[in-house]
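Structural overview
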Amino acid sequence: MNRTPLLFLNVFIIATCGLIYELLAGTLSSYVLGDSVTQFSLIIGIYLFAMGVGSWLSRFIEKHIAEKFVEIELAVAVLGGFSAPLLFFAFAKLSYFSVVLYGVVFGIGTLVGLEIPLLMRILKDELDFKDLVSRVLAFDYIGALVASLLFPLFLVPKLGLARTSLLFGMLNAAVGIWGTWLLLPLIKKNVNLLRVQGFIIIGLLLIAFIKADYLTSLAEDALFTDNIIYAKSSPYQRIIVTKGKTGYALFLNGNLQFNSFDEYRYHEALVHPAFAALNANPKRILVLGGGDGLALREVLKYPSVESVMLVDLDPEMTRLSKNLPVLAELNKNAFEDSRVSVVNADAFVWLDNTEIAPFDVAIVDFPDPNNFALGKLYTTRFYNLLKAHLKPDSAVAIQTTSPLIARKSYWCIIKTLEAAGFSVKPYQTTVPSFGIWGFALAKLEPFETPKKLSENIERKFLNEQTFVSMFDFSADTSLPKDEEIEINRLDNQSLVRYYEAEWRRFE
Amino acid sequence: MKFTRREILTAFLGLPFALSACKSNSETSSIDGEIVGASANIGHILRENRNVEVPANNWENLKVAIIGGGIAGLSAAWKFTRENFNDFVLLELESAIGGTARSGKNNFIGYPWGAHYLPVPFKENTELISLLDEMNLTEGKSQNGEILIKEQFLCREPEERVFYKGRWYEGLYLRVGASQEDLRQLNELNKQVDFWVNWRDTRGKRAFVLPIANCSNDAEVTDLDKITFADWLKQKGFTSERLIWYCNYACRDDYGLRLEQTSAWAGLFYFCSRVRKSGAESQSFITFPEGNGKFVNFLHNKVKDKTRLKSIAIEIIPNEKGIDITYLNTETNEIRGIHAEKVIFAAPIFTAKYLIRDFKQNTPDFVKEFEHNAWFVANLFLKDRPKNQFAKDFPLAWDNVLYESNSLGYVNATHQKGIDYGQAVFTYYFPMAEKGGRAKLFSLDWQELADIVLSDLSMAHKDIRALTERIDFMRWGHAMISPRRNFIWNGSREKATKPFRNIHFAHSDLSGIALFEEAFFHGLRTVSEILIAEPAGSGR
Ligand SMILES: Cc1cc2nc3c(=O)[nH]c(=O)nc-3n(C[C@H](O)[C@H](O)[C@H](O)COP(=O)(O)OP(=O)(O)OC[C@H]3O[C@@H](n4cnc5c(N)ncnc54)[C@H](O)[C@@H]3O)c2cc1C
């Protein structure tokens, strides 16, 4: 049998696979780490260098070349095939992601670098050198062209990164298994063992291919459609900043916190009504949560403000808001303002343990109550603790999730505030990134819904008409008449259960 | 006798468990800790000081001496002070007050060494409510007159979770994978509970209520004491594995006994005594980071000048004029004496035979009916809390139970404070339900105890060894009275509750069930017995 043409087909497949892994790593790293020029350049450099290392290492393989070739194919199948899911996973779970990334790239590059020299040595007995070099390299480069065309046009859009990598892993494994037949005369060792290994690897890759959706949902693949420009796991949460067509966005544990293109709507609606509800000039301001500094930016627009205390759980978050240029620009360097002091603590524990002069305004901007640790920040106990840090005529504004999507949750928070002795004016507005969004304006004494915003404060969204209309609720967002809504207490955490039930419908 | 690691783990955690744990590491070298508290050598001291003479000028005259500074003794002292009766002292042998309700504290948070919660009392328990009022734990009353407790003192949700086959689930009853039949039986158990909650005797008394002194003594209820809870469940046709587990857990948790050792009366008492009315939820728990140590410290503060710590009563000698008490200050090794008119005996009942002279010579039969079981409690000081392995795992709760373990799991001290991140203290409970448990417990050193706890917990928390900085242990040789079959209603309690020659007994043992409410009740009862004979205000 003349096996030479078939071996050239091998060269072609190997070359295609090799380039695919390189493209995958480059895409994936620029996708999760941002800065695609640097990432691609680094990945290509490391990959090519590793191939060089592989080629050089091939000289140390002296015997059993055919077996070694098959084994290397299987190793590439495993490492390359699982590379994308592995990297997603590493990105989601590990803080030293780049070590894993470059390690994997180097590993695949080295193995791929071994392939062609070995194949050439296998083929050298069948062809003269001139022919061999010209044909092998030609097929190698054709494979590269095919890969680079397939990758953006078909593979990424149709299969996604994880499946692409698994598919090519299977191809590599197939080349290895096929090699056990093709190169049978050259194989001295136990050929069946090699075949069994090969089929197990194909099997595993196939299972992973079928389950790829599950694998990537474990990671964050499906979550972010935009480039990730910053990602870090703090002891409290996973912080991710993305950059997309509409602007920058912040995610905490996968939940969108803001998108730069419409965040001003949210933060103006959160902050200015509380100031409008005051009779006196606000001097001392408390911001609970809001580590992104965007509410802070709005607060600092008031010249009468003398000091702002911001209490946010996560030092990583406040540090990032201060130091990451895109965030610092968005919050107008709020953290550099000398009026601002930052405390990193759980607001619940801080309010309970801290004695401090009362505040004129409190802005409460926590993530939605999707777990018990957050749910406690919406309880009667919490509002009672807050009360102890207010003056009789202070004003409080609270973000209170969507009255459309989580209607019961929204009204549960309002009722809880009332149960804690606050007089409450519920209000809502539209923030395209979130939908219809709800807030609560509360004071310790009964008060009229404010109608006038403070003058001479720059605002992009709120004007007199929108301000007044925010306090109107449509039929589908108003207090449900026929349902009993419990008050959220530490010892029932009803809100977390409402919230989970209501948002689950949208998952 | 020394045991191998496998023998110890098998004895405490069971064989399959020990086999897998033995393969894992047993490294504790980076962990600090000690065995604290509860003097084990009291017996020794008592023997040593038999018939010692009190130097003549070490005698003092007092109306009342209280022996024992647990909840019973402290409640009695508190009540005396409230009644303006001040001619008494309280002797406590340990250097810390509180008995089995005592607590510890580090620079971060308090944590219990024993008792850790009190269910909200019914409105009828006015004495207990007056304590809660005085402690400023209450905020008025509901429409039907039930007491309302401030939110921050009621156990914060989530209250319980259970670890089963690698995952954490909400609640104590294992709902995941429960069959129709399992749920039917659960429902049936609830119906049985409901029956007893509604049941009243001819005088209108409830079958099960706190304090036990107010329970009906009608034979229809007390006959339940003649069989074990295991037999009762069998008779009623309960077979569901998870239901049996649930009932067994209840017995182990509240009494330190297994189902087969517990009286059916006591088993049902657990389920029925805290349910106000048919269909209602069980009363909520009042709790604090330091558990019932909060009550201990409050009561102690009110009577600090009356308490003498490190003061072990050695002998109580009733005579014509009154009662002589000799006691030893374990710090100074000084023997002192009190000529008292009355004694409140708030130490465990079994110790009466070593202390009261008449009992030494001629121990009444009922004394040996009071049997105790042993427990150990570990406080684990963690630099961070263990991570859940699965995103869908139910989060850390107040009480965290391991379905497949012989331990009771652990309570998280930071929970009630709303501290949800970073440092934590876990209080781990292990009842020694088996015979010979006490001897076994005292044969183990710190290393071996630590290995048991860490091996057990690492089934649920792979990272527990790395997170633990320190483990302290308390060994309770006589932790709780055992409400075994045929004890609570066999007449012994009644006999023991009668004063003996001006000695009034107050320990919670008298109830047959170790609960705060019972200790408190008996403490106050002895005070009224004494003050009726000796009207308040007549003290100096
Ligand atoms: C691990 C554990 C967990 C528990 N959990 C709970 C719970 O969650 N809720 C609940 O209600 N109950 C619980 N209990 C039971 C609870 O502790 C008791 O019901 C109650 O606190 C007992 O109080 P007491 O005063 O009757 O007895 P003890 O606490 O036994 O107090 C007796 C005191 O007498 C002292 N004493 C003994 N001999 C002498 C002597 N010769 N001289 C001087 N002093 C002496 C002892 O040192 C001790 O301080 C628990 C018990 C244990 C062991």
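1. With respect to the nonpolar core
Phe208, Phe229, Trp265, Phe269 and Phe345 of chain B are the most contacted members of the largest nonpolar core, which totals 77 residues. Three or more residues apiece are contributed to this core by two domains, here domain 2 (50–87 + 314–370 + 485–533) and domain 3 (180–283) of chain B. Residues contacting Phe269 of chain B, with those up to four places away along its chain left out, are Phe208, Val209, Leu210, Ile212, Cys215, Tyr255, Ile513 and Leu515 of chain B. Judged by nonpolar contacts, the second largest core, of 66 residues, contains Phe348 and Tyr383 of chain A together with Phe285 and Val401 of chain B.

2. Remarks on helix H11 (residues 315–323) of chain A
Restricting attention to buried positions, one finds in H11 of chain A the residues Glu316, Met317, Thr318, Leu320 and Ser321 of chain A. With a side-chain oxygen lying 3.0 Å from the backbone nitrogen of Glu316 of chain A, the N-terminal cap of H11 of chain A falls on Asp314 of chain A.

3. A word on the site of the ligand
All names here are of chain B. Surrounding the ligand, one finds 36 residues, the nearest of these being Glu92, Thr100, His507, Ser508 and Phe516. Taking Ala72, its main chain carries an N or O atom lying 2.8 Å from an oxygen atom of the ligand. A distance of 3.1 Å is found between a nitrogen atom of the ligand and a backbone nitrogen or oxygen belonging to Tyr117. Protein coverage of the free-state accessible area of the ligand, which is 1,000 Å², stands at 94%. At the level of secondary structure, the elements contributing two or more residues to the shell around the ligand comprise helix H4 (71–82), strand E13 (311–318), strand E16 (372–382), strand E20 (468–481) and helix H18 (516–533).

4. A closer look at the domain arrangement of chain A
One frequent convention defines the size of an interface as the accessible area lost when the parts assemble. You can read the domains of chain A as domain 1 (4–219), domain 2 (225–258) and domain 3 (260–504). Using C-alpha coordinates to define each centre, domain 1 of chain A is positioned 53 Å away from domain 3 of chain A.

5. A few points about the pairing of strand E8 (residues 359–365) of chain A
Residue and element names in this part refer to chain A. With seven of seven residues buried, E8 lies mostly within the body of the structure. The pairing of strand E5 (residues 284–289) with E8 spans five bridges and is classified as parallel. When the sheet's bridge partners are listed, Leu286 is paired in E8 with Ala362. As defined by bridge partners, E8 adjoins strand E9 (residues 390–399) across five bridges and the pair is classed as parallel. Paired with Phe359 across the bridge in E9 is Leu390.

Rules used throughout
- Residues numbered from 1 in each chain as written.
- Chains lettered and ligands numbered in written order.
- Predicted model: local features only at pLDDT ≥ 70, side-chain atom pairs only at ≥ 80, totals over all residues.
- Heavy atoms only, no water.
- Core = buried A, V, L, I, M, F, W, Y, C linked by side-chain atoms within 4.5 Å.
- Buried < 20%, exposed > 50% of the residue type's maximum accessible area, 1.4 Å probe, protein only.
- Domains from an automatic or database assignment.
- Contact = heavy atoms within 4.5 Å.
- Helix = DSSP H or I, 4+ residues; strand = E, 2+ residues; numbered from the N terminus.
- Polar contact = N/O pair within 3.5 Å; in protein donor to acceptor, adjacent residues only side chain to side chain.
- Near = heavy atom within 4 Å.
- Areas by Shrake-Rupley, 256 points an atom, 1.4 Å probe, with all protein chains shown as cover.
- Pairing = 2+ DSSP bridges.

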